[in-house]
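Chain by chain, the residues:
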Amino acid sequence: MTTLIRNVRPYGEDPTDLYVRDGVLVDHVADPDETVDGDGLIALPGLVDLHAHLREPGGEEAETVATGSAAAALGGYTAVFAMPNTNPTQDSPVVVEHVWRRGREVGLVDVHPVGAVTVGLGGERLAEMGMMAASAAGVRMFSDDGRCVNDPLIMRRALEYARSLDAVVAQHAEDHRLTVGAQAHEGPVAARLGLTGWPATAEESIVARDAMLAAAAGARLHVCHLSTAGSVGVLHWARETLLPGTTATVSAEVTPHHLLLTDTAAEDYDPVHKVNPPLRPEADTLALRRALADGVIDCVATDHAPHPVEAKDCEWPQARPGMLGLQTALSVVTATMVTTGLLDWRGVARVMSEVPAAIAGLSDQGRPLTVGEPANLVLVDPDARWTVRGAELASIADNTPYEGMELPTSVIHTMLRGRWTVRDGKVKEL
Ligand code: DOR
Ligand code: ZN
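Residues numbered from 1 in each chain as written. Chains lettered and ligands numbered in written order. Predicted model: local features only at pLDDT ≥ 70, side-chain atom pairs only at ≥ 80, totals over all residues. Heavy atoms only, no water.

Naming follows an unreviewed UniProt entry, where the protein appears as Dihydroorotase of Actinomycetospora termitidis. Listed in UniProt under the heading Function (unreviewed entry), the comment for the protein reads: "Catalyzes the reversible cyclization of carbamoyl aspartate to dihydroorotate." Recorded in UniProt under Sequence similarities (unreviewed entry), the annotation for the protein is "Belongs to the metallo-dependent hydrolases superfamily. DHOase family. Class I DHOase subfamily." (UniProt positions renumbered as here; feature names shortened; annotations may be inferred.)

(A) View of the sheet that holds strand β7 (residues 77-82). Strand order across the open sheet formed by three strands is β6-β7-β8, with parallel pairing between neighbours. The sheet is open, and its two borders are formed by β6 (47-52) and β8 (110-113), each paired with just one other strand. The average angle at which neighbouring strand axes cross in this sheet is 20 degrees, direction not considered. In terms of strand pairing, β7 meets β8 through four bridges, oriented parallel. By the bridge assignment for β8, alanine 82 is matched with proline 113. (Pairing = 2+ DSSP bridges. Helix = DSSP H or I, 4+ residues; strand = E, 2+ residues; numbered from the N terminus. Axes fitted to C-alpha atoms, helices over the stretch in contact; angles between N-to-C directions.)

(B) Molecular detail of the packing of aromatic side chains. Enumeration over the complete set of coordinates arrives at one aromatic pair. Over the face of the ring belonging to tyrosine 11 we find arginine 346, whose NZ or CZ atom lies 3.9 Å from the ring centre. Cation over ring: arginine 423 sits above tryptophan 420, and NZ or CZ is 5.2 Å from the ring centre. (Phe/Tyr/Trp six-rings, centres within 6.5 Å; stacked < 30°, edge-to-face > 60°. Lys NZ or Arg CZ within 6 Å of the ring centre and 35° of its normal.)

(C) View of the sheet that holds strand β13 (residues 220-223). Pairing is parallel in the open sheet, where five strands are placed in the order β9-β10-β13-β14-β15. Each having just a single partner strand, β9 (141-142) and β15 (299-300) make up the two edges of the open sheet. In this sheet, β13 lies alongside strand β10 (residues 168-171) in parallel orientation, the contact comprising four bridges. Paired with valine 168 across the strands is arginine 220, a residue of β13.

(D) How the structure looks around the state of the cysteines. Per the counting criterion, the structure on display carries zero disulfides. Cysteine 224 carries a free sulfur, and the closest cysteine sulfur to it, the one in cysteine 299, is 9.6 Å from it. Overall, cysteine 224 belongs to the buried group, its relative accessible area being 1%. For cysteine 299, a relative accessible area of 0% puts it in the buried group. (Disulfide = S-S within 2.5 Å. Buried < 20%, exposed > 50% of the residue type's maximum accessible area, 1.4 Å probe, protein only.)

(E) Examining the nonpolar core more closely. One finds Leu159, Ile297, Val348 and Met352 to be the most contacted residues of the largest nonpolar core, which totals 100 residues. With seven residues, helix α6 (residues 200-217) is the largest single contributor of residues to this core. The contacts of isoleucine 297, once residues within four sequence positions are left out, are Leu226, Val232, Leu235, Ala252, Glu253, Val254, Leu288, Ala291 and Leu292. Residues Leu50, Val114, Cys299 and Ala301 belong to the second largest nonpolar core, which totals 16 residues. (Core = buried A, V, L, I, M, F, W, Y, C linked by side-chain atoms within 4.5 Å. Contact = heavy atoms within 4.5 Å.)

(F) Quick look at the coordination of the zinc ion (ligand 2). On the protein side, the zinc ion (ligand 2) has Asp145 (OD), His172 (ND1) and His225 (NE2) as donor atoms, found 1.9 to 2.3 Å from it. Around the zinc ion (ligand 2) sit four donor atoms, and with donor-metal-donor angles ranging over 83 to 130 degrees the site reads as irregular. (Donors = N, O, S within 2.8 Å, 3.2 Å for Na, K, Ca; no water. Tetrahedral: all angles 85-135°; square planar, octahedral: opposite > 155°, others 65-115°.)

(G) Focus on the UniProt feature "binding site: Zn(2+) 2" (unreviewed entry) in the protein. Within the UniProt annotation, "binding site: Zn(2+) 2" (unreviewed entry) is assigned to Asp145, His172 and His225. Taken along the chain, the residues just named run across 81 residues; in space they keep tight, none of their C-alpha pairs more than 10.1 Å apart. Lining residues of the largest pocket drawn from the annotated set just named are Asp145, His172 and His225. With residues near it in sequence (within four places) discarded, aspartate 145 still touches His51, His53, Met83, Asn85, Leu121, His172, Cys224, His225 and Asp303. When its relative accessible area of 2% is taken as the criterion, histidine 172 is described as buried. Those residues within four positions of histidine 172 in sequence are excluded, and the remaining contacts are Asp145, Gly146, Arg147, Cys148, Cys224, His225 and Asn276. (1 Å grid on protein atoms, 1.4 Å probe; cavity = no way out; pocket = protein on both sides within 12 Å on 5 of 7 lines; lining within 4 Å.)

(H) Fine view of the layout of surface pockets. The volume enclosed by the largest pocket comes to roughly 710 Å³. Around the largest pocket sit 36 residues that line it, and Asn85, Gly146, Asn276, Arg320 and Pro321 are the ones nearest its centre. Along the lines of polarity and charge, the residues of the lining of the largest pocket split into 12 nonpolar, 16 polar and eight charged. Roughly 340 Å³ of internal volume is contained in the second largest pocket. Along the walls of the second largest pocket sit 20 residues, with Leu74, Gln327, Trp386, Val411 and Gly425 positioned nearest its centre. (Points joined across faces, edges and corners; volume = space filled by probe spheres on them. Nonpolar A, V, L, I, M, F, W, Y, C, P; charged D, E, K, R; others polar.)

If you want it as structure tokens, here you go:
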């Protein structure tokens, strides 16, 4: 199979023709099987999401590997990491292999299951990390996301074990002793609404502790959904003073919703805005944007968290935390980072594709758009604007916080290893 993408702008730079043969970018094809008009479109490497909840097995009323993969492809993604807070938990080779296999059967994005750090996310006994790494799923990222690995001894052992597996531990940084009953960011908004506060220090203290544990273990720590200016400071300090001279690395992600939305969103008391960690004040939001632009925060990850209607259509304290993200991430990053001049399209490729692929150790994703590289790419219309409608998104759940908002940039086509997964904004039937 050969494809010519005519007159497209890689990374938003000068227009050129891209040629694909058998899943690989090549320098020329004499007589392509198909020609796609790239006029006015920007080509980026296929996006890589280190943090999505695909809910299968056990949560199929909100999302499945199939519907989550469709949402991902429509969002411009070619690889997605599926968090282990499923039912049963992804804490054994059997479950991670099941999710991995479902991803292959669906074939819209590479689905990489994240293995649990502890059995059942219970925080007490290490899961079979080595067995999951050795399984067909080849797990290289472990997390108890949804929960923090709160016990420092368990975290230390997990980091040491991950090091021997050449894996990374992704921490949901939340000291649960400080967030008992927490509902929203601890501050004036939560106080006014009578909601128990989630203090910034619950996150920041774990980021600091885990950076120290990672440095001592010479291990790789990744911090999920960094949400406060204080955490950015801790990260900066760790890089400057703690990590030099060690083999340890500390990377961090930020979500699109923490880049755009603030704690005042809770004032409508609509649980669509309830998320963990919570939306923070504007000063944090602006600090997160700057840190992403400066490279202190390494990448964007969605924390795509579909929930069934009954988990969201209730009183705030009873609602489950989390919001959809896969199909809107690129548009929200455009609105917060590109339109504001903080990142150019090369920068977007870096934080949404190249760096997350490198953190996860993927060798065939997040590659440059150059000859000889795998043809994983997305073509976007930077001038398009679209209005978000939860009911029209590919996810089964519709808990988007952007309902009715007009956002910039549309994903037009997505290609995975030379095969279109999305054409003209529609999932391609395989
Ligand atoms: O808001 C969240 N939702 N934060 C998490 O850590 C977990 C996630 C979920 O699974 O719904
Ligand atoms: Zn989390």
